[in-house]
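Now for the letters of each chain:
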Amino acid sequence: MATVQLKNVSKSYGSSMTVHDINLTIEDREFMVMVGPSGCGKSTTLRMVAGLEEITAGQLLIDGQDVTDAQPQKRDIAMVFQSYALYPHMTAYRNMAFGLMKTTKLSKPEIDARIREAAEILNITDLLGRRPKELSGGERQRVAIGRALVRQPKVFLFDEPLSNLDAKLRNRMRGELKRLHQELGLTVIYVTHDQIEAMTLGTRVAMMSKGHLQQVGAPMDIYMNPTNTFVATFIGMPEMALIPCHAAHGRIGHSAFVKDLPRAGTLPESVLIGLRPEEVTLSPTGMARARVERCELIGAEALIEVSLGSDRMIVKSPVQGAPSTGDEVGLDFDLTRMRLFDCGTGRAITVDV
Ligand SMILES: Nc1ncnc2c1ncn2[C@@H]1O[C@H](COP(=O)(O)OP(=O)(O)OP(=O)(O)O)[C@@H](O)[C@H]1O
Ligand SMILES: [Mg+2]
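This structure is a prediction, so every number in the text was calculated from the model and none was measured.

A. Local environment of the environment of Asp112. Within the element layout of this structure, Asp112 appears in helix H3 (residues 108-122). C-beta crowding within 10 Å serves as the criterion here: with 14 such atoms nearby, Asp112 is assigned to the partly exposed category. Asp112 sits 50 residues away from Ile62 along the chain, and the two C-alpha atoms are 29 Å apart.

B. View of the pairing of strand E2 (residues 16-26). Sheet analysis places strand E1 (residues 4-13) next to E2, joined by 7 bridges and oriented antiparallel. Of the residues in E2, the one forming a bridge with Tyr13 is Ser16. Two successive antiparallel strands, E1 and E2, enclose a turn made up of 2 residues, where Gly14 displays a positive phi of approximately 60 degrees.

C. Representation of the pairing of strand E18 (residues 311-318) in the model. By the bridge criterion, 8 bridges tie strand E17 (residues 301-308) to E18 in an arrangement that is antiparallel. Within E18, the position partnered with Ser307 by the bridge is Arg312. The hairpin turn running from E17 into E18, its antiparallel successor, is 2 residues long, and Gly309 in that turn takes a positive phi close to 60 degrees.

D. Structural context of the packing of helix H2 (residues 92-103) against helix H4 (residues 137-149). Here H2 crosses H4 at 25 degrees, and the two axes come no closer than 8 Å. Considering their axes alone, H2 and H4 lie roughly parallel with respect to each other. Considering how the two elements wind past one another, H2 and H4 form a crossing that is right-handed. Mapping the contact onto sequence places Ala92, Asn95, Met96 and Gly99 in H2 and Val143, Gly146 and Arg147 in H4. Classifying every residue of the contact of H2 with H4 gives 3 nonpolar, 3 polar and 1 charged.

E. Structural detail: the sheet that holds strand E7 (residues 155-159). Here 6 strands make up an open sheet; going across it, the order is E6-E7-E8-E3-E9-E10 and the pairing mixed. If you trace the sheet from one side to the other, it starts and ends with strand E6 (77-80) and strand E10 (212-217), each paired once. Adjacent strand axes in the sheet meet at a mean angle of 15 degrees, parallel and antiparallel pairs treated alike.

F. Inspection of the domain arrangement of the protein chain at higher detail. Per the domain assignment, the segments making up the protein chain are domain 1 (4-233) and domain 2 (238-349). The centre of domain 1, based on its C-alpha atoms, is set 38 Å off from the matching centre of domain 2. In this complex, domain 1 contributes 7 residues to the contact, which on the side of domain 2 involves 9 residues. Residues that form the side of domain 1 that touches domain 2 fall into these classes: 3 nonpolar, 4 polar and no charged.

G. Seen up close, the site of ligand 1. What surrounds ligand 1 is the set Tyr13, Thr18, Gly36, Ser38, Gly39, Cys40, Gly41, Lys42, Ser43, Thr44 and His193. At 3 residues, helix H1 (residues 42-50) tops the list of elements feeding residues into the shell around ligand 1. Counted by class, the shell around ligand 1 contains 2 nonpolar, 8 polar and 1 charged residues.

H. Structural view of the nonpolar core. Within the largest apolar cluster, 92 residues are counted, with the highest numbers of intra-cluster contacts made by Met32, Val33, Leu157, Ile189 and Tyr190. Three or more residues apiece are contributed to this core by two domains, here domain 1 (4-233) and domain 2 (238-349). The residues contacting Tyr190, other than those within four sequence positions of it, are Phe31, Met32, Val33, Phe158 and Leu201.

I. Spotlight on the packing of H2 against H3. H3 packs onto H2 with a crossing angle of 135 degrees between their chain directions and a minimal axis gap of 10 Å. Here H2 lies oblique to H3, going by the angle between them. Relative to H3, H2 is oriented so that their crossing is right-handed. Between H2, through Tyr93, Met96, Ala97, Leu100 and Met101, and H3, the contact on the second element is made entirely by Ile111, Arg114, Ile115 and Ala118. For the contact of H2 with H3, the per-class residue count stands at 8 nonpolar, no polar and 1 charged.

J. Summary view of helix H5 (residues 167-184). Between the first and last C-alpha of H5 there are 26 Å, a value that for 18 residues agrees with the 26 Å anticipated at 1.5 Å per step. Just downstream of H5, Gly185 is the residue with a positive phi angle, here 65 degrees.

K. View of H3. Compared with an ideal rise of 1.5 Å per residue, which puts 15 residues at 21 Å, H3 spans 21 Å between its outermost C-alpha atoms and is within 8% of the ideal. Considered for burial, the residues of H3 that qualify are Arg114, Ile115, Ala118 and Ala119. Looking straight down H3, one finds its buried side chains confined to an arc of 130 degrees; they lie on one side. Away from its buried face, by an angle of more than 90 degrees, H3 presents the exposed residues Pro109, Glu110 and Glu120. The inward-facing, buried residues of H3 abut H2 and H4. Immediately downstream of H3, the backbone of Asn123 shows phi near 65 degrees, a positive value.

L. Structural view of the sheet that holds strand E13 (residues 257-260). Reading across from one edge, E13-E12-E11-E14-E20-E21 is the order of the 6 strands in this open sheet, with antiparallel pairing throughout. Each edge of the sheet is formed by a strand with only one pairing partner; in this case those strands are E13 and strand E21 (348-349). Pairing analysis gives 4 bridges linking strand E14 (residues 270-275) to strand E20 (residues 339-342), with the strands arranged antiparallel. Note on E20: the bridge partner recorded for Val271 is Asp342.

How each quantity is defined
Residues numbered from 1 in each chain as written. Chains lettered and ligands numbered in written order. Predicted model: local features only at pLDDT ≥ 70, side-chain atom pairs only at ≥ 80, totals over all residues. Helix = DSSP H or I, 4+ residues; strand = E, 2+ residues; numbered from the N terminus. Buried ≥ 20, exposed ≤ 12 C-beta atoms within 10 Å, placed from the backbone. Pairing = 2+ DSSP bridges. Axes fitted to C-alpha atoms, helices over the stretch in contact; angles between N-to-C directions. Parallel < 35°, antiparallel > 145°, perpendicular 65-115°, else oblique. Left-handed = near helix turned anticlockwise from the far one by under 90°. Contact = placed C-beta atoms within 7 Å. Nonpolar A, V, L, I, M, F, W, Y, C, P; charged D, E, K, R; others polar. Domains from an automatic or database assignment. Near = placed C-beta within 6 Å. Core = buried A, V, L, I, M, F, W, Y, C linked by C-beta atoms within 7 Å. Expected span 1.5 Å × (residues − 1). Arc of directions from axis to C-beta.

This is the structure we're talking about:
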């Protein structure tokens, strides 16, 4: 069993507050991904969980026990860093054994058994005799994960562990991390600024911005129902289009289209309609008129940037029959799940359509 609970956790450096009042529970065997742009406080939060950074205010519980002020080694947590932080003069085997020798009373054969088992899982048995400089980036990363695995901690913390790898290797390691999590039933907190990692790895995603938790939920829930425009545009590639509209007299209006709404009376005057690329189709008889500004071929499909008046959005199209720059096109919007946001606050507005 391992649950991690952050209760009103904040962090200040001097007079500036970096992490604001975080409330978050990571359940046993959960893969929680904390995602957000650079500088939003992800690593700081993770380091507070690890005990590498003091918690300014609030409480941290692991399995219900208050560990807010506990030493890192008393928390039964292992952390894997972006830089791997392997000892350069030690072999992979020694790197994995070192922590166990220092911090546990395990016998040599017991340590050896753990290392062999982890190496088997990570497919690095043949590399155990090599030093870090004799390993590729991906292999080093596996050794760093192996070093965490052999400790059999309650909780694994990962801080951008794949960001030094090329795209292909990152993709493969993502698959392996997912497999490890499922097969071994690990409890993981994983920090990244990469929304693809968040969407593919997380059983839940905690979205952060400027030290504040914005939304916590299953990846698809966050994708479909973002709580504000920040989350809406951070998750999803190409990003969700936000089109400013006027709401009045039971309808939403834009210079390029009009849509009736049964409950428009409850809306603020200015709203943003949020549309994902897959919710917009090119159609000669479409409800909105637009102009093609740019066309990007990305393999089987093309990304078409169109303008509606002074607003822009990206539409997907099969390469065959894709329009060209300067073309006039019609657009159809799938408004069955129309998202609306308040123009001023950016918060999602619930409305029946
Ligand atoms: N020791 C420190 N003293 C003062 N400010 C700090 C310290 N460590 C971090 N910060 C500030 O706290 C903020 C959050 O930093 P943090 O490293 O947690 O961001 P992050 O979300 O992990 O970003 P990245 O994706 O770039 O790693 C940043 O503005 C950073 O400058
Ligand atoms: Mg960081």
